[in-house]
Amino acid sequence: MAPLGNEVTQLLRAWSDGDQGALDRLMPMVYDELHRFARHYMAVERPGHTLQATALVNEAYLRLANTEPDFNGRAHFFAVAARAMRRILVDWARSRGAHKRGGDVPLLELDQNAAHDGGGAPWGTSSNDLIAIDDALKTLAKLDARKSEIVELRFFGGLSIKETAEVLNVSEETIRKDWNITKSWLKRELSRGQLYGG
Amino acid sequence: MEAERWRKIQQVYHSALDQQADSRAAFIATACGGDDGLRREVESLLAHSETSEAFLEMPAMHLAAKQHAKDETKWNMVGKTLSHYRVIQELGAGGMGVVYLARDETLDRQVALKVLPRGSLADETARKRLRKEALALAKLSHPNIETIYELGSQDGVDFLVTEYVAGTTLADRIANGPLPESELLEIASQIGSALEEAAGNGLVHLDLNPRNMMFTPKGQVKLLDFGLARIVKPKDGDNTRSLTTMAVPAGTPPYMAPEQLMGGLLDVRTDIYAVGASLYELATGRTPFRGASLPELIAAVLHTPPEPPSAICPGLSRGLERAILKCLQKAPEKRYQAVGELLADLHSLEPAQPVTAAPAPRHPAFPAHAKEWLRPWKVGLVFLGLGAAILALFLFSRRPAQSFAARDWVLVADFDNQTNDPIFDQSLLTAFSVSLEQSRYVNIYPRSRIREVLARMKKDAAIKIDDAVAQEIAVREGIRALIFPSISGVGEDYRLASRIRDVKSGMDVKTTVVKAKGRQRILDSLDELAAKVREDLGESLPPVSRTSHPLPAVTTASLDALKQYSIGAEKRTEGLNLEEAKFYFENALKIDPAFTAARTWLGILDFEHFDREEGKRLLSEAVRSADNLTDHEKYGLLAFHARAVEGNLEKAAVPAARRVAL
């Protein structure tokens, strides 16, 4: 996997340096990982089995950690990686063309998914959700850029509280608090979008 | 400016979270110092924090992967053959599965194939629903109801085969605007006819809405999706009305009758309501009730009269409007009581004319058949909370209330706060307890003792005293009655409920509900609730003598051990078969070797009846861990040990005296 990690690192760096095409070249790798996870979900009978959040980012990171012990470099890498994941996954959700909010009652669908997942997914899996979160994050970024960054790192980048704290160079307690209020804020923002009845 | 405000909001939010739940509201009020906007903002965020614990905790990659897994499952089906059905094309997908157009290779005809995805995505709920739908459809034979062909399973894939209905759903028709009255009447009459067939076979559909009504190019209406249908069994000697309830309120909210939303008793009148809501929409292009949020929608359904359809579509006849509004009455008794009554009214409006020139469906080549078929609309958490207490009321209110002996211990569980308002978390319990204790008949098990019990149970003292925990404490402590209070609410309408459980039978014997309009009325209503509960507990009834010995407080973290112990204690008290009692105490001790109370009793039994030396050994062991017992048990053990094992009566007198003094 080392060469892949290396390539991901280079592509991310290229992208952050302004090479827009790098994201397109990164996309198949992200899709590949997505498909691997999907196969896992289809195969595993019992929920509860957890996978590494994003092996892709982690492999790339391990690669990077050896070559670039500089802290700022690492933080930058994660920020870029999480943003890339966000772009690619939201594009993926859009391309599914499942974005139809019209007369639907999506909140119920979310809860239903939660209820049906036997603890596997605490939240819905509708691709609409990714798009809705992406939209809400844009609003959040105007209000509080760091909070939206935390969501990017945690949700799209798959980082733990601890890792996020390290990347942003603040205490875990700070991240925990920020994460708490940001989730409340986002949850409220998303529930505002719902209209019930026709 | 905005940044400053946001900073302030965060500050108050986090400080409020650090507060005890009961002092939170007061804290926010003080911290906001009259700034109502700030207070509202913080409160609304806090309300969402209650439900956002699991939110976003699964990385985006996994959400996407799960979605992709679902996509894959259905993509894989096209072109494949399941049993003797060749899958041609997908017709629609819902939360629980996919509907395909397929070809029956044996009979050479087109069918609709409803398939649940295999593997982890096909859960038991979806499976049950599919089977239920099949069983419901199998009972029915009617031109306006889709026909079932087969329910099958192959390689772990469950599938339901039905008649393939080409056409559009009525929801698609509405998208083109309201329907002309003549056409509407014809459709209504067909729906009514289908419903009559279902009701005649003891079925309620429970998810009637325009999405589940197909309209064929020939102008025929077909009801689909019987996945939520229930069989309502006629009671002996009473075929006039039969009722059912749903464990979890489910359906499509804008078309759900009040009793369905609130988890009440359901019958054909619930379906009649849904028909009314559908006809309303067909006539006006709008559902009768709307809301910016689910709670708002529910509040409207429960309390607001629908806008008369003629106010939206002035051309509508009075007769049709009357019929629709009668279907939409809040109280089932005020609706049509049978489908026949509705049909009679509809027929009197205009002689049914077949719709000859039905407008061409918009997508004749790609029918929307069963698009919504598997959409489960399982109603969410907010919703569940609302229904649960009320549901309990309906389930249990018909059982006779049992009375409890005066001064029997009563354990009041933590308030089940089903609102999003954390203010109710602690405050209501305190108020409720105070109110209950005004009765000299009610002896509320003190919280301090609950904490001690929890410590012996090796549980966190801060644990929520919910159903399971309360039951466990009650069994350990010989408490006879449990009270489970709860609050739920929609907008300004609150419902306070209290459930009484007889610990011995484990059955809920009575549920009482009072309503409160507005927050400021809640405490008054709480008093009213307490008064009713006191009455239910037997304050006004002659006390019943105790039928069982309260169990001594025991020390084990294992419920299984506790159960064995309890049986042993019961056998011992009966005194008929002490060998059996010994057997159960031994079991308890095997499960939890540190279970001192079990060791004590086993020791006493052995000492007195079976094996004196073994008894001595066990009792001496028990004495060494006597601190794991309640004081009452401990002094009892010490006295017994001193007297029986050591033969020292003088020594025995000390703990015996202390025991009496307790």
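One can find the structure itself at the top, above this paragraph.
So, here is what we can say about the structure in this document. None of these values were measured; they are calculated from a predicted model.

Check the secondary structure of chain A and you find nine helices and zero strands. Listing every helix and strand of chain A by position from the N terminus yields α-α-α-α-α-α-α-α-α. Looking at chain A as a whole, 51% of its 198 residues qualify as buried. In chain A, 63% of the contacts between residues at least 6 apart in sequence involve partners at least 24 apart. Per element, the accessible surface of chain A, about 8,900 Å² overall, is 51% carbon and sulfur.

Of the regular secondary structure elements, chain B holds 24 helices and 17 strands. Buried positions account for 54% of the 662 residues belonging to chain B. A separation threshold of at least 6 residues defines the contact pool for chain B, and within that pool the share at least 24 residues apart is 64%.

Take helix 13 (residues 339-349) of chain B next. Residues and elements named next belong to chain B. Listed in full, the buried residues belonging to helix 13 are Val339, Leu342, Leu343 and Leu346. Each buried residue of helix 13 sits inside an arc of 95° when the element is viewed along its axis, so together they form one side. In the core, the buried residues of helix 13 are packed alongside helix 7 (181-200), helix 9 (268-284) and helix 12 (318-327).

Attention now moves to unusual backbone geometry. Residue and element names in this part refer to chain B. Phi at leucine 56 takes a positive value of approximately 65°, unusual for a residue other than glycine. Note that leucine 56 resides in the loop between helix 3 (36-51) and helix 4 (60-75). The class for leucine 56 is buried, based on a relative accessible area of 3%. One non-glycine residue, aspartate 108, lies in the positive phi region at around 55°. For aspartate 108, the location among the structural elements is in the loop between strand 3 (97-104) and strand 4 (109-115). Residue classification places aspartate 108 among the exposed residues on the basis of a relative accessible area of 52%.

We now examine the environment of Glu608(B). All names here are of chain B. When you line up the elements, glutamate 608 lands in helix 21 (residues 596-610). Judged by its relative accessible area of 47%, glutamate 608 is partly exposed. Spatially, the C-alpha atoms of glutamate 608 and alanine 644 are 9.3 Å apart, while their sequence positions differ by 36 residues.

The subject of this paragraph is helix 2 (residues 21-32) of chain B. Residue and element names in this part refer to chain B. In this model, helix 2 (12 residues) spans 17 Å end to end at C-alpha, consistent with the 16 Å of a helix rising 1.5 Å per residue. Among all positions of helix 2, only Ala21, Arg24, Ile28 and Cys32 are buried. Seen along its axis, helix 2 keeps its buried residues to an arc of 35°; they face one direction. Within two residues after helix 2, glycine 33 carries a phi angle of roughly 45°, on the positive side.

As a further point, take the packing of aromatic side chains. The full count for this structure, using the stated rule, is four aromatic pairs over all chains. Aromatic pair Phe583(B) and Tyr584(B): ring centres 5.3 Å apart, planes at 70°, arrangement edge-to-face. What makes Phe583(B) partly exposed here is its relative accessible area of 45%. With a centroid separation of 5.9 Å and an interplanar angle of 80°, the aromatic rings of Phe607(B) and Phe640(B) are classed as edge-to-face. Here Phe640(B) lies in helix 23 (residues 631-645) and Phe607(B) lies in helix 21, a separation of 33 residues in the sequence. A single burial state applies to Phe607(B) and to Phe640(B), both of which are buried. Positioned above the aromatic ring of Trp179(A) is the side chain of Arg154(A), whose terminal nitrogen or guanidinium carbon lies 4.4 Å from the ring centre.

Our focus in this paragraph is the environment of Glu57(B). On the secondary structure map, Glu57(B) appears in the loop between helix 3 and helix 4. On the basis of relative accessible area, Glu57(B) is assigned to the partly exposed category, the value being 35%. Contacts of Glu57(B), omitting those with residues within four sequence positions, involve Arg154(A), Trp179(A) and Lys183(A). A distance of 3.1 Å separates a polar atom in the side chain of Glu57(B) from a polar atom in the side chain of Arg154(A). Engagement of the side chain of Glu57(B) in a polar contact is seen with the side chain of Lys183(A), the distance being 2.7 Å.

Any two packed helices are characterised by the angle at which their axes cross and by the distance between the axes. Residue and element names in this part refer to chain B. Closest axis-to-axis distance for the helix 2/helix 3 pair is 9 Å, and the angle between their directions is 145°. Note on packing geometry: the crossing formed by helix 2 with helix 3 is right-handed. Touching Arg24, Ile28, Ala29 and Cys32 of helix 2 are Leu38, Arg39, Val42, Glu43, Leu46 and Glu50, all from helix 3.

On inspection of all chains with the given rule, the structure shows 37 salt bridges over all chains. For Arg86(A), the salt bridge identified is with Glu152(A), shortest N-O distance 2.7 Å. Placement of the pair is Arg86(A) in helix 4 (residues 71-95) and Glu152(A) in helix 7 (residues 145-156), with a sequence separation of 66 residues. A relative accessible area of 10% means that Arg86(A) is categorised as buried. One salt bridge in this structure joins Glu614(B) and Arg617(B), with 3.0 Å as the shortest N-O distance. On the criterion of helical spacing, the pair formed by Glu614(B) and Arg617(B) is a turn pair, its members being three residues apart in helix 22 (residues 612-624). For Glu614(B), a relative accessible area of 26% translates into the label partly exposed. Note on Arg617(B): relative accessible area 41%, which makes it partly exposed. Through salt bridges with shared partners, a single ionic network connects Arg83(A), Arg86(A), Arg94(A), Asp134(A), Asp135(A), Lys138(A) and Glu152(A).

Moving on: the side chain of Lys187(A). You can see Lys187(A) is positioned in helix 9 (residues 172-192). For Lys187(A), the residues in contact, after removing those within four places along its chain, are His48(B), Thr51(B), Ser52(B) and Phe55(B).

This part takes up the nonpolar core. Residues Leu26(A), Leu89(A), Leu130(A), Phe155(A) and Phe156(A) are the most contacted members of the largest nonpolar core, which totals 67 residues. A total of 13 residues in this core trace back to one element, the largest contributor, which is helix 4 of chain A. Contact partners of Leu89(A), with chain neighbours within four places excluded, come to Val30(A), Leu34(A), Leu130(A), Phe156(A), Ala60(B), Met61(B) and Ala64(B). In this structure, Ile148(B), Leu179(B), Leu208(B) and Leu297(B) belong to the second largest nonpolar core, which totals 63 residues.

Residue and element names in this part refer to chain B. Spatial strand order, 7-9-10: three strands in an open sheet with antiparallel pairing. If you trace the sheet from one side to the other, it starts and ends with strand 7 (168-169) and strand 10 (221-223), each paired once. Strand direction decides the pairing type here: strand 9 (residues 213-215) and strand 10, joined by three bridges, are antiparallel. Among the inter-strand pairings, phenylalanine 215 is bridged to a residue of strand 10, identified as valine 221. Sitting on the sheet, helix 7 is in contact with strand 9 and strand 10, with an inclination near 35° to strand 10.

Rules used in this analysis
Residues numbered from 1 in each chain as written. Chains lettered and ligands numbered in written order. Predicted model: local features only at pLDDT ≥ 70, side-chain atom pairs only at ≥ 80, totals over all residues. Heavy atoms only, no water. Helix = DSSP H or I, 4+ residues; strand = E, 2+ residues; numbered from the N terminus. Buried < 20%, exposed > 50% of the residue type's maximum accessible area, 1.4 Å probe, protein only. Contact = heavy atoms within 4.5 Å. Areas by Shrake-Rupley, 256 points an atom, 1.4 Å probe, with all protein chains shown as cover. Arc of directions from axis to C-beta. Expected span 1.5 Å × (residues − 1). Phe/Tyr/Trp six-rings, centres within 6.5 Å; stacked < 30°, edge-to-face > 60°. Lys NZ or Arg CZ within 6 Å of the ring centre and 35° of its normal. Polar contact = N/O pair within 3.5 Å; in protein donor to acceptor, adjacent residues only side chain to side chain. Axes fitted to C-alpha atoms, helices over the stretch in contact; angles between N-to-C directions. Left-handed = near helix turned anticlockwise from the far one by under 90°. Salt bridge = Lys/Arg side-chain N within 4 Å of Asp/Glu carboxyl O. Core = buried A, V, L, I, M, F, W, Y, C linked by side-chain atoms within 4.5 Å. Pairing = 2+ DSSP bridges.

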